[in-house]
Amino acid sequence: MKKIVLLLPAFFCLILLQAQKKAFPFVTADSTALRLTASGALNFTPFGQPLETQPCIFIDTTKTFQTIVGIGGALTDAAAETFAKMSTADQQKLLDAYYNKETGIGYSLGRTHINSCDFSSHMYTYVADNDTALKTFNLKPEMEFRIPFIKKVIAAAGGKLTLFVSPWSPPAWMKTNNDVLHGGKLKPELGQSWANYYVKYIKAYEALGIPVWGLTVQNEPMATQIWESCVYSAEDEASFIKKFLGPTLVNSGLGNKKLMAWDHNRDLVYQQASTILNDKAAAKYVWGIAFHWYENWTGDHMFDNVKKVKESFPATNVMLTEACLYPYSWDQRADWKWGEVYGKNMINDFNNGAVGWTDWNVLLDETGGPNHVNNFCFAPVLYNTQAHQLFFMNSFYYIGHFSKFVKPGAKRIITSSSRAQLLTTGFKNADGKYAVIVMNTSSEKIDFHLWIQGNAAAATALPHSIATYIIQ
């Protein structure tokens, strides 16, 4: 008797495989107790062509885009000083919440500042005045709070944290205004000394067992601030990179560090990026363009400007390196809008090509500080030093919908929404699992389908909610 072998068409086999998939939702929603809460599995079944009356999130797993470096927040003096005021139990609770990959939200990316910044309790640098040879360089200002804090963070993250560093200002004597604050520019004759300063800082960190992955040239180079600041035009920055910083990193054995230019808002990002990247002598040292969200974070966000940089310079990475909420008010810490600002920005930044996303302070006290110029803001976690209590803002959970499920090495895939109220992005992790984020910005419950190649799973987006669907 002959054995009959049934050969199914490849497309039909694919449909069967897709129909076997399941989606596992994790939900955070306003006016509920849901916070990254797991709910029951959703089954994919054959669905075919959706109608216009059937809201869908369309997922195309065959198209992949940028590879994700990580998601995290800044390890500032303010965070470290607040951390030091906490009990050992609360310190561990904070570390686990942010950095534990199983029980927390799995932060993998960090930023810290060279010299003091506004979120330091006082101003400082690492060298004596007029020491152009940097013989007096010493990390003593960081040794009490920040460096011990960073070491604990790295340990909590499993021994590995992708850390980059950014200067707010050179020492006053290196600047045209002879002031660490209020803008001013780097004196041209001190370009080499300032470039050597970065190298001193990175090597000092690494000698202490803190690996440095990358650096930005200057925090917010087009802002004259009442706090630590230094102004570079795009031409100034390109000149400093090609004449001093780039060659100095290479000649010092640090050519593998990821150098990011700009590090300021989306409004001017294209002009600055194009000027620097069209200068071939500067561009060869630049790994990426860093950007912030402050041009108008409460309204129109100019997300397309990031996309234009990525489209015009596809070999260059783009990454958000700072975001925070202000003006600060302890009484407004529970407002739901704060989390939604993060969700909207993160979805759009990733969809426009960002390889990473770095929030500002990971921790602040009840005043929104400490801060030596009273420039207070929110952090996703606040610690009331009077009541000795941690408070987790909903922004912590919104960020967690990305950082917990989108692992370093993930690739973005296409997800497309058929409803303006449902914002979405998606990723394929290295383990083959997909993480699809869906955010409902409306006050209405929306029933929809997750749709993949002719199969769909029924889902519901609660009012003012965000959900991550792990599809496998």
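The coordinates are above.
For clarity, every value in this text was computed on a predicted model and none was experimentally measured.

Asks: Just to check I follow, could you spell out the environment of methionine 222 for this structure?
Replies: Structurally, methionine 222 is set in the loop between strand 9 (214-216) and helix 7 (234-251). If we skip the residues at most four places from it in the chain, methionine 222 touches Val231, Tyr232, Ser233, Trp262, His264, Leu268 and Gln272.

Asks: Any chance you could explain the nonpolar core here in plain terms?
Replies: Soluble, globular proteins show a tendency: their nonpolar side chains are buried together. Counting residues in each nonpolar core, the largest one holds 123 residues, and the members touching the most others are Tyr99, Ile289 and Leu363. When residues in this core are grouped by element, the largest group, nine residues, is from helix 6 (residues 191-207). Leave out the neighbours within four places in its chain, and isoleucine 289 touches Ala261, Trp262, Val269, Ala273, Leu277, Val309, Thr316, Asn317, Val318 and Met319. Among the nonpolar cores identified, the runner-up in size contains 22 residues, and Leu42, Phe44, Val438 and Ile446 belong to it.

Asks: I'm lost on the environment of tyrosine 124 in this one. Help?
Replies: Examined against the element boundaries, tyrosine 124 turns out to sit in the loop between strand 7 (109-114) and helix 4 (140-143). Note: C-alpha distance between tyrosine 124 and proline 314 (190 residues apart in sequence) is 39 Å. Non-local contacts of tyrosine 124, meaning those with residues more than four positions away in its chain, are made with Asp77, His113, Asn115, Ser116, Pro141, Glu142 and Arg146. In this structure the side chain of tyrosine 124 is engaged in a polar contact, spanning 2.8 Å, whose partner is the side chain of arginine 146.

Asks: Looking at this structure, how should I read the side chain of glutamate 322?
Replies: By secondary structure assignment, the location of glutamate 322 is in strand 12 (residues 317-322). At 2.9 Å, the side chain of glutamate 322 forms a polar contact with the side chain of tyrosine 294. In this structure, glutamate 322 is in contact with Arg111, Trp168, Asn219, Glu220, Phe291, His292, Trp293, Tyr294, Thr358 and Trp360, ignoring residues within four places of it in sequence.

Asks: Teacher, can you tell me more about the packing of aromatic side chains here?
Replies: Two aromatic rings are characterised by how far apart their centres lie and by the angle between their planes. A full pass over the atoms with the stated rule returns 34 aromatic pairs. Taking 4.9 Å as the distance between ring centres and 40° as the angle between the ring planes, the aromatic pair formed by tryptophan 338 and phenylalanine 378 counts as tilted. Taken together, the positions of tryptophan 338 in helix 11 (residues 337-351) and phenylalanine 378 in the loop between strand 14 (364-365) and strand 15 (381-384) put the pair 40 residues apart, joining distant regions of the chain. Pairing phenylalanine 350 with phenylalanine 402 gives two aromatic rings, centres 6.0 Å apart and planes at 25°, and the pair type is stacked. A residue pair is termed long-range when its members are at least 10 positions apart, and phenylalanine 350 in helix 11 and phenylalanine 402 in helix 12 (residues 394-403) qualify at 52 residues. Phenylalanine 402 matches phenylalanine 350 in its accessibility class, with the two residues each being buried. Through successive ring pairs, a cluster of aromatic residues spans Tyr124, Tyr126, Phe137, Trp194, Tyr197, Tyr198, Tyr201, Tyr205, Tyr232, Phe240 and Phe244.

Asks: Help me out: how do you make sense of the sheet that holds strand 15 in this one?
Replies: Strands pair in a sheet through their backbones, by hydrogen bonds, and they do so in one of two ways: parallel or antiparallel. Taken in spatial order, the three strands line up as 14-15-16 in an open sheet, and their pairing is mixed. Taken across any chain shown, the strands that pair with only one partner, and hence form the sheet edges, are strand 14 and strand 16 (389-392). When strand 14 meets strand 15, the two strands line up parallel, connected through two bridges. Pairing of leucine 364 across the sheet is with leucine 382, part of strand 15. Here helix 3 (residues 88-99) sits on the sheet in contact with strand 15 and strand 16, set at roughly 15° to strand 16.

Asks: Is there a simple way to think about helix 2 (residues 77-84) in this case?
Replies: An α-helical turn contains 3.6 residues, so a residue and the one three or four places further along point in the same direction. Within helix 2, seven of the eight residues are buried, which leaves the element mostly enclosed by the surrounding structure. The set of residues buried in helix 2 consists of Asp77, Ala78, Ala79, Ala80, Glu81, Thr82 and Phe83. Packing partners of the buried residues in helix 2 comprise helix 3, strand 7, helix 5 (146-156), strand 13 (354-361), strand 14 and strand 15.

Asks: It is not clear to me how the sheet that holds strand 13 should be interpreted in this structure. Could you clarify?
Replies: With parallel pairing, the eight strands of this closed barrel are ordered in space as 6-7-8-9-10-11-12-13. With strand direction ignored, the average angle separating the axes of adjacent strands in the sheet is 25°. Judged from the six bridges that link them, strand 7 and strand 8 (residues 162-167) form a sheet pairing that is parallel. The residue of strand 8 that forms the bridge with glycine 110 is leucine 163. Where helix 7 meets the sheet, it contacts strand 9 and strand 10 (258-265), and its direction lies at approximately 150° from that of strand 10.

Cut-offs applied
Residues numbered from 1 in each chain as written. Predicted model: local features only at pLDDT ≥ 70, side-chain atom pairs only at ≥ 80, totals over all residues. Heavy atoms only, no water. Helix = DSSP H or I, 4+ residues; strand = E, 2+ residues; numbered from the N terminus. Contact = heavy atoms within 4.5 Å. Core = buried A, V, L, I, M, F, W, Y, C linked by side-chain atoms within 4.5 Å. Buried < 20%, exposed > 50% of the residue type's maximum accessible area, 1.4 Å probe, protein only. Polar contact = N/O pair within 3.5 Å; in protein donor to acceptor, adjacent residues only side chain to side chain. Phe/Tyr/Trp six-rings, centres within 6.5 Å; stacked < 30°, edge-to-face > 60°. Pairing = 2+ DSSP bridges. Axes fitted to C-alpha atoms, helices over the stretch in contact; angles between N-to-C directions.

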